[in-house]
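Geometric and topological summary
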Amino acid sequence: MKILIVYYSRTNVTKMIAEKLQKELKCDIEEISDNGNYNGKLGYLKGGMTASMSRTSDINPIAKNPSDYDLVIVGTPVWASNIATPVFTYLMKYRDQINKMASFCTCISSGWEKTLMRLAEVSQKTQLSQMHLTAKDVENPNNKIKTFINKIK
C-alpha cells in the first residue's frame, strides 16, 4: 500500500509523531505550511480563533498529490478543540483527491474527541484508524502508534 503522511505542526510535537509514523511505515511525508504566523502567545490565540471559526488560510503549494496514494494519514495539533487551520484548508482543498484516510491529533490534554470527529466530517472519509496523543502520551507514544498502524494494515 502506498501511504502519504501530511501534517501541520506549530510546536514540532505533531511533526515528531508524523516522523515516527513515517519511520514505522516507510512511507512518504509532507508538511503542510502557510504564511500565517502562529508563533508565541498571539499566534496561539490567532490559531485558536481561526480554527474555531473554521477559517481557511493560504497554504503553500504541496509537492505530493494525495490521489497518487492508497492511504493518506493526516496529522494535526488540536486548536481550540478543532483542526489546525492549515490542515482544515488542506482537507477542504484536497479531500476529493484522497482515496482512503486515517488521522491523528496531538493535544495538551483535551479537545481531541471533537478534533477527530471533525477530521472525519470535513474530509468526508471513513477513517481507517484514528489516534490522539496527549502531552503525557507523547512522552512514550509507541503503544498508541502500534495500535494505530495495526488498524490500517
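Structural notes, computed from the coordinates.

Each value, and the rule that gives it
- Residues numbered from 1 in each chain as written.
- Predicted model: local features only at pLDDT ≥ 70, side-chain atom pairs only at ≥ 80, totals over all residues.
- Heavy atoms only, no water.
- Axes fitted to C-alpha atoms, helices over the stretch in contact; angles between N-to-C directions.
- Helix = DSSP H or I, 4+ residues; strand = E, 2+ residues; numbered from the N terminus.
- Parallel < 35°, antiparallel > 145°, perpendicular 65-115°, else oblique.
- Left-handed = near helix turned anticlockwise from the far one by under 90°.
- Contact = heavy atoms within 4.5 Å.
- Nonpolar A, V, L, I, M, F, W, Y, C, P; charged D, E, K, R; others polar.
- Buried < 20%, exposed > 50% of the residue type's maximum accessible area, 1.4 Å probe, protein only.

A few words now on the packing of helix H1 (residues 13–25) against helix H6 (residues 142–152). Contact pair H1 / H6: the axes reach a minimum separation of 11 Å and the direction vectors enclose 50°. Here H1 is positioned oblique relative to H6, judged by the angle of their axes. Between H1 and H6 lies a crossing whose hand is right-handed. On the side of H1, the interface is formed by Lys20, Leu21, Glu24 and Leu25, while H6 contributes Ile145, Phe148, Ile149 and Ile152. Taken together, the residues of the contact of H1 with H6 sort by class into six nonpolar, no polar and two charged.

Our next topic: unusual backbone geometry. The phi dihedral of lysine 26 is positive, around 50°, even though this residue is not glycine. As for its position among the elements, lysine 26 is in the loop between H1 and strand S2 (28–31). For lysine 26, a relative accessible area of 74% translates into the label exposed. Backbone geometry places serine 54, a non-glycine residue, at a positive phi of 50°.

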